[in-house]
Amino acid sequence: MSKEAAFPGGFLDEAGLNRQHVFDLDSLPAAVLAALDVQAGERQLILIGHGGRRLWERLQANGMAGSDPIDDYSTRTIRQWFARELPDHRFRIPFPGARPIGLQALGALAGWHQPSPLMIGVDAEWGSWYAYRAVVIADTDFAPSPRHVGYSPCATCRPAPCISTCPAHALAGGQFDLAACSHHRLIPDSPCAMGCLARQACPAGSEHRYDDAQIRHSYGRSLAVIRQYYATEPRTPERQ
Ligand code: B12
């Protein structure tokens, strides 16, 4: 493969894995490489994300399966993509996986991540309605993707409806208060348990807002993590 080979992203786009960025491994900062355990012959990192609703639509059409249906679908789709488009190439998928990888840091290098009061990255096109689905390390030799030139929609958003909408006032102090957010999500009949009112108030990319079932699915998962955290740690949500 030469550097001129076009990146065959159409299959991924169609599957809802519609954000892709190719990095040469030797262009990445040492701190990022340290988490990747790069092996001889590996040349590139392909960051794969989803933006908007298509991933969930395709997942529904394929059937939800496994303990983490979105991760399972993403991994399965990437394996199919390599088999179909890049059969002569070696690859591995460190994320989803056991070892932590700083996905927002990679997103910042790709130009996808703009910081927001919510701590979820936003960008002008997708708003906060995107996430990182896979990190692939491969022996490919595509032209590296140019850094996406984005801007922060938060910079000019005044008054910021996310800050005033949050019933837990978790965004009010100029720094996201995860403890206040978590506490409010855990109270009985919390309006924040299965979705984030502040995120839904954000005007950026609102046409890409996930459908209600996807929001319930994802927030149900993070709520379970928060429940588990406070069930096993000797602390209260107010003081961590
Ligand atoms: C741990 C974690 C959580 C913890 C937060 C604990 C914490 N203090 O970070 C919990 C379980 C609460 C959580 C929840 C959610 N998370 Co989360 N989470 C992660 C995870 C696995 C690691 C983040 C981390 O600690 N990195 C280590 C530090 C050293 O890395 P860092 O880049 O320097 O730190 C960044 C993050 O920590 C972030 N951050 C700090 N505090 C908080 C708090 C929250 C709530 C979030 C979301 C991020 C965040 O900001 C830092 C600077 O960019 C990442 C995936 C990853 N591997 O990166 C996803 C990630 C940050 N989460 C994500 C999402 C979408 C969510 C949820 C909205 C999911 C959902 N639908 O419920 C919720 C947020 C709702 C809420 N308020 O509870 C996305 C954000 C996508 C984006 N557009 O940026 C990520 C990148 C996962 C992904 N696959 O895309 N999350």
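Throughout this document, residue positions are counted from 1 along each chain, in the order its sequence is written. A pLDDT threshold of at least 70 governs which residues receive local features in this predicted model, and a stricter bar of 80 or more applies before side-chain atom pairs are shown or counted, although totals over entire chains, interfaces and linings include all residues.

1. Some words on the overall build of the protein chain
Argument step 1. Strands here are runs of E lasting at least two residues and helices are runs of H or I lasting at least four, both read from the DSSP assignment and numbered beginning at the N terminus. When you go through the protein chain residue by residue, the secondary structure sums to 9 helices and 4 strands.
Argument step 2. Along the protein chain, helices and strands appear, N-terminal first, in the series α-β-α-β-α-α-β-α-β-α-α-α-α.
Argument step 3. Throughout, the radius of gyration refers to the C-alpha atoms, and the reference size of a globule is 2.2 Å times the residue count to the power 0.38. In summary, the protein chain has a C-alpha radius of gyration of 19 Å against a globular reference of 18 Å for 240 residues, a match within 12%.
Argument step 4. When its C-alpha atoms are laid out on the principal axes, the protein chain stretches across 55 × 40 × 35 Å.
Argument step 5. Classification of the 240 residues of the protein chain by burial places 30% in the buried group.
Argument step 6. Residues are scored as being in contact if the C-beta atoms we place from backbone atoms lie within 7 Å. Taking contacts inside the protein chain between residues at least 6 apart in sequence as the whole, the part at least 24 apart equals 74%. In this scheme every C-beta is placed from the backbone, and a residue whose C-beta has 20 or more other C-beta atoms within 10 Å is buried, one with 12 or fewer is exposed, and one in between is partly exposed.

2. Here's the deal with the pairing of strand E2 (residues 44-51)
Argument step 1. The element E2 is largely enclosed, with a buried count of 8 among its 8 residues.
Argument step 2. Burial along E2 is two-sided: Gln44, Ile46, Ile48 and His50 facing one way and Leu45, Leu47, Gly49 and Gly51 facing the other are all buried.
Argument step 3. Relative to E2, strand E1 (residues 19-24) is paired through 6 bridges, and the arrangement is antiparallel. Looking at the pairing, Phe23 lines up with Leu45 of E2.
Argument step 4. As paired strands, E2 and strand E4 (residues 130-138) are joined by 8 bridges and run antiparallel to one another. Among the inter-strand pairings, Gly49 is bridged to a residue of E4, identified as Tyr132. By definition, two strands form a pair when at least two bridges between them are found by DSSP.

3. Comments concerning unusual backbone geometry
Argument step 1. Residue Pro96 is bonded to the preceding Phe95 through a cis peptide linkage, with omega at 5°.
Argument step 2. The omega angle of the peptide bond from Arg158 to Pro159 is -10°, so this bond is cis rather than trans.
Argument step 3. If you trace the backbone, Pro159 turns up in the loop between E4 and helix H6 (161-165).
Argument step 4. The phi angle at Asp37 is positive, at roughly 55°, despite the residue not being glycine.
Argument step 5. Overall, Asp37 belongs to the exposed group, with 11 C-beta atoms counted inside 10 Å.
Argument step 6. Phi at Met119 takes a positive value of approximately 75°, unusual for a residue other than glycine.
Argument step 7. By secondary structure assignment, the location of Met119 is in the loop between helix H5 (103-110) and E4.

4. Here's the deal with the site of the ligand
Argument step 1. We call a residue near a molecule or strand when its C-beta atom, built from the backbone, sits within 6 Å of it. Every one of the 23 residues lining the ligand counts as a neighbour, but Met119, Gly121, Ala131, Ser218 and Ser222 are closest to it.
Argument step 2. Counting residues per element, the ones that place at least two in the shell around the ligand are H5, E4, helix H7 (178-186) and helix H9 (212-232).
Argument step 3. Of all the elements, H9 adds the most residues to the shell around the ligand, at 5 residues.
Argument step 4. Considering only residue class, the shell around the ligand consists of 16 nonpolar, 7 polar and no charged.
Argument step 5. Segmentation into domains, and thus their bounds, comes from an automatic or database assignment. Residue-level mapping places the shell around the ligand at the junction of two domains, with at least three residues from each of domain 1 (10-138) and domain 2 (154-232). When residues are grouped by polarity, Ala, Val, Leu, Ile, Met, Phe, Trp, Tyr, Cys and Pro land in nonpolar, Asp, Glu, Lys and Arg in charged, and all others, Gly among them, in polar.

5. Describing the nonpolar core
Argument step 1. Counting 31 residues, the largest nonpolar core has Leu45, Ile46, Leu47, Ile48, Ala134, Val135 and Val136 as its most contacted members.
Argument step 2. Among the elements of the structure, E1, E2, helix H3 (54-62), helix H4 (69-85), H5 and E4 are those that each provide at least two residues to this core.
Argument step 3. The leading source of residues in this core is E4, at 7 residues.
Argument step 4. Filtering out sequence-adjacent residues up to four positions away, Val135 remains in contact with Leu45, Leu47, Pro94, Phe95 and Ile101.
Argument step 5. By convention in this section, buried Ala, Val, Leu, Ile, Met, Phe, Trp, Tyr and Cys residues joined through C-beta atoms within 7 Å make up a nonpolar core. Ranked by size, the runner-up nonpolar core spans 14 residues in total, among them Leu118, Cys166, Ala168 and Ala170.

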